[in-house]
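Residues per chain, in single letters:
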Amino acid sequence: MVIRNDWSLISAGTERATVSTGARSLLGKARQRPEQVAQVIDSVKRSGLADTYRTVQDRLDRPVQLGYSCAGTVLRTGEGVDDIRPGMRVAAGGARYASHAEIVAVPRNLVVPVPEGVDTQWAAFATVGAIALQGIHQAEAVPGSRIAVIGLGLVGQITLQLLRAYGYDGLGVDPDPAMVELAGAAGLAAFARTGKGLVSRHWGGAGADAVLITAATSSSDPIEFAGELSRDRATVVVVGDVNVAPPRSSYYHKELSIRYARSYGPGRYDSRFEEGGHPYPEGYVPWTERRNLSEVLRLVATGAVDFGQLKPRIFPVEDAADAYEALNPSSGGRSVALLLRYPGTAQLPTQPPAPAVTRTWRAPRGVVRVAAIGAGNFATKTLFPKLTRESGVSFSWVAGGRGLSAAHQGRRWGFRTVAESVDTALASGDADCVMVLSRHDSHGDYAARVMRGGSALYCEKPLGLTETELEDVADAWLVSGAPAMAGFNRRFAPSMRDLRAALPSGVPLQIVYRVFAGRLPSEHWYFDPRQGGRLLGEVCHFIDAAGFLTPGRPVWVRAVGVDAKDPAVAQSVTLHVVYDDGSNASIVYGGLTPPGAPKEFLEVATDGMAARIEDFRSLTVWKGGRASTSKYRGGPKGHAEEMLSLIRLVRNEPLGEEAAAAVDFASALGSSLVACRAARSLTEDRIVEASPSTPALARALGCLPPLARTSAAVPRPGGGADGSSSTPAAI
């Protein structure tokens, strides 16, 4: 949903920590985040010092979106949103979504309607309220229970109000007398941190049934104090950011339980829930983060919770810098909450109409204008630097991704325009070549639209995740006549070029491509069902490299999963591809391997010759009883050569024989089709034919129309289609 903000909340504790970390030196950041230092050291071992340094500098250079709790008016809703309409008032949550900005775009499961009678100003507190509510849920205490809250910042103050609303016997503790006074002014029980004496007397010497720690400190004092306050077998819930080092003297002898409250509630950090909009079954997960948001607003509507008692400071958004300055400790005292107020006049730009007809491609004269859809890690670390080295190239527009990142990369790389949207950018026609560098699920759609819009195409792999998408891309390429390239960079690697030149012409090849890719965490975006998984997103690289070396056409493919049969989640797969000239390729993709192993080995055997590429750093050829080895400094995988060939292709300049073969878009479509068929083979656990079955793909690949091929036999391992031995005629 696209929302025009009326208010957004600055959480003093959380955002003070974020700003403080950003202001630290590189050494200071390293000291604060030792786990990330370990990741950097591992990266140095894998990728080398120079490459790791560039990656770290790129990460540190990125701006960070601040804010995660806001409220305003819906301007536009996306597909599948049926419970909220434009014009409705809503509260929204989520880091990177509910930011401090006039207009924000937030997934549906992080947005809830504001009840009638609730001021939008107080609805902006809903996300922080959901954090407090999740802490109470994790305590699993019944109403009337004695619950102590350690830390009376914003979350702690709200937690005390929620405890009172639900009928708990709550009290708060904080070392700052001003925070104790603020809670007391709201009629809440609160004490200064002077030991447990006052707390014990408040409950007649009894201990707490549960303790919620809402403080933020590197000290372990809150966790130690929680052990002192607790009764036997009580629960301690960690809501804030504290050092959890429980002393045995209290936690063991009282048999205390420690639980964590994960942010706003169930659904947090699950991209399928937060970004994909997939609901959880209410019978199993009744209190999702979205329901927590709604519940906080319900309590505000009934008057059980009053955020006005927090006495927030209000700043117009034009004075946001002053608001952040107010986060620093000063003689003026400590504020638990600061609100940014927006004028409420921002409007969305009018959506441009789609081009009525397909534009005709024309080669540029002079400077080549390059545009980009997406500007993520790979683009900024690898492709853009290579393009800046080419003369006669200018960056036109950048679009897609999040607005802040697109604007930052636009300034960093000198793009003339940061487009309001991909639609606006494509409709402008202000690019000779458009690079599709977005998430995988958008590649096919964008690639086809780019070519039909009259621009040359560079599309990172994969070209599409389904045969329907590939058919559309093939049709757009055939109709528009626009030059096109896919991001299969290994075709352009110097070692691959030299290997291809050394191979004898027209003879069948045996190819073994072994990849130790390493395990990805289960929450990686590759495993979002919309993104196709590692087979379609990564293994396609190696399918293409094998096909690039092989003179024949692929006939069938067989894929076997080691850890799963679902392409969306499988990490390790083995493929076998057979070609019509007798060649065959085995691709072993190990996605569960440990770090440190050499990544890629490519071996080729044929009549009188064998060769091996090792991580693109060396090529060894055995021929005539002798071995010769070539070394390649840095293990180049062809990105520089790929970008040079792209610009020459767009300019319609002559290409050498090897470069012309590498830029061939028809073969890239063929490799993408084999990847899709491999995914089907994995799912269906069978051999799958590799020839195209749709008209545009068949024409693009130079095949016979599908109907003319219905009687063709498909060779099987060890036999023909009818069980007899394979023959050239059958192939």
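Because the structure is a prediction, the values reported are computed rather than measured.

**Thoughts on the overall build of the protein**
And step 1. Within the protein one finds 25 helices and 30 strands.
And step 2. Burial analysis of the protein (731 residues in total) assigns 50% to the buried set.
And step 3. Partitioning the contacts of the protein with sequence separation of at least 6, the portion at a separation of at least 24 is 69%.

**Regarding the pairing of strand β2 (residues 69-76)**
And step 1. Here β2 lies mainly inside the structure; six of its eight residues are buried.
And step 2. Across five bridges, the pairing between β2 and strand β3 (residues 89-93) is antiparallel. Counterpart to A71 in the pairing with β3 is A91.

**Focus: the packing of helix α21 (residues 533-549) against helix α24 (residues 665-684)**
Packed helix pairs are characterised by how far apart their axes lie and by the angle those axes make with each other.
And step 1. The contact between α21 and α24 brings their axes to 9 Å, and the two run at 125 degrees. Accordingly, the angle class assigned to the pair α21 and α24 is oblique. In the packing of α21 onto α24, the handedness of the crossing is right-handed. Where α21 approaches α24, its residues L535, L536, C540, I543 and D544 are matched on the opposing element by S667, A668, S671, V674, A675, C676, A678, A679 and L682.
And step 2. Partitioned by chemical class, the residues of the contact of α21 with α24 number eleven nonpolar, two polar and one charged.

**Considerations on the packing of aromatic side chains**
And step 1. Overall, the coordinates contain twelve aromatic pairs when judged by the stated rule.
And step 2. When the centroid spacing of 4.7 Å and the interplanar angle of 25 degrees are considered together, the rings of F273 and Y280 count as stacked.
And step 3. A residue is classified by how much of its surface remains accessible, and Y280, at 26% relative accessible area, is partly exposed.
And step 4. Relative to Y526, the ring of W525 has its centre 4.7 Å away and its plane inclined at 80 degrees; by these criteria the two rings are edge-to-face.
And step 5. We classify W525 as partly exposed; its relative accessible area is 26%.
And step 6. One residue, R193, lies across the ring of F225, its end atom 3.7 Å from the ring centre.
And step 7. The ring centre of Y252 lies 4.0 Å from the NZ or CZ of R248, which sits over that ring.

**Describing the sheet that holds strand β17 (residues 393-399)**
And step 1. Taking strand neighbours across the sheet as the criterion, the six strands line up as β18-β17-β16-β19-β20-β21 in an open arrangement whose pairing is parallel. Only two strands of the sheet have a single neighbouring strand rather than two, namely β18 (417-418) and β21 (484-486).
And step 2. Both strand β20 (residues 456-459) and β21 contribute to a ladder of three bridges, which runs parallel. What sits directly across from C459, in β21, is A486.

**A word on the nonpolar core**
And step 1. Judged by nonpolar contacts, the single largest core of 112 residues is most densely connected at F384, L499, F665 and L669.
And step 2. Among the elements that line this core, the one with the most residues is α24, at eleven residues.
And step 3. F384 has contacts with A372, G374, A375, A379, F395, W413, F415, M435 and L437, leaving out every residue within four places of it along the chain.

**Brief notes about the sheet that holds strand β22 (residues 510-516)**
The strands that make up a sheet are held in pairs by hydrogen bonds between backbone atoms, and each pair lies either parallel or antiparallel.
And step 1. In space, the nine strands of this open sheet follow the order β29-β28-β27-β26-β22-β25-β24-β23-β30, with mixed pairing throughout. On the outer flanks of this sheet lie β29 (626-631) and β30 (688-689), each paired with one strand and no other.
And step 2. Here strand β27 (residues 609-614) runs beside strand β28 (residues 618-623); their pairing, made up of six bridges, is antiparallel. Bridging from a neighbouring strand, M609 pairs with K623 of β28.
And step 3. Against the sheet, α21 touches β22, β24 (573-579), β25 (584-590) and β26 (600-606), its axis set at about 150 degrees to β25.
And step 4. Against the sheet, α24 engages β23 (554-561), β24 and β30, with an angle of about 45 degrees to β23.

How each quantity is defined
Residues numbered from 1 in each chain as written. Predicted model: local features only at pLDDT ≥ 70, side-chain atom pairs only at ≥ 80, totals over all residues. Heavy atoms only, no water. Helix = DSSP H or I, 4+ residues; strand = E, 2+ residues; numbered from the N terminus. Buried < 20%, exposed > 50% of the residue type's maximum accessible area, 1.4 Å probe, protein only. Contact = heavy atoms within 4.5 Å. Pairing = 2+ DSSP bridges. Axes fitted to C-alpha atoms, helices over the stretch in contact; angles between N-to-C directions. Parallel < 35°, antiparallel > 145°, perpendicular 65-115°, else oblique. Left-handed = near helix turned anticlockwise from the far one by under 90°. Nonpolar A, V, L, I, M, F, W, Y, C, P; charged D, E, K, R; others polar. Phe/Tyr/Trp six-rings, centres within 6.5 Å; stacked < 30°, edge-to-face > 60°. Lys NZ or Arg CZ within 6 Å of the ring centre and 35° of its normal. Core = buried A, V, L, I, M, F, W, Y, C linked by side-chain atoms within 4.5 Å.

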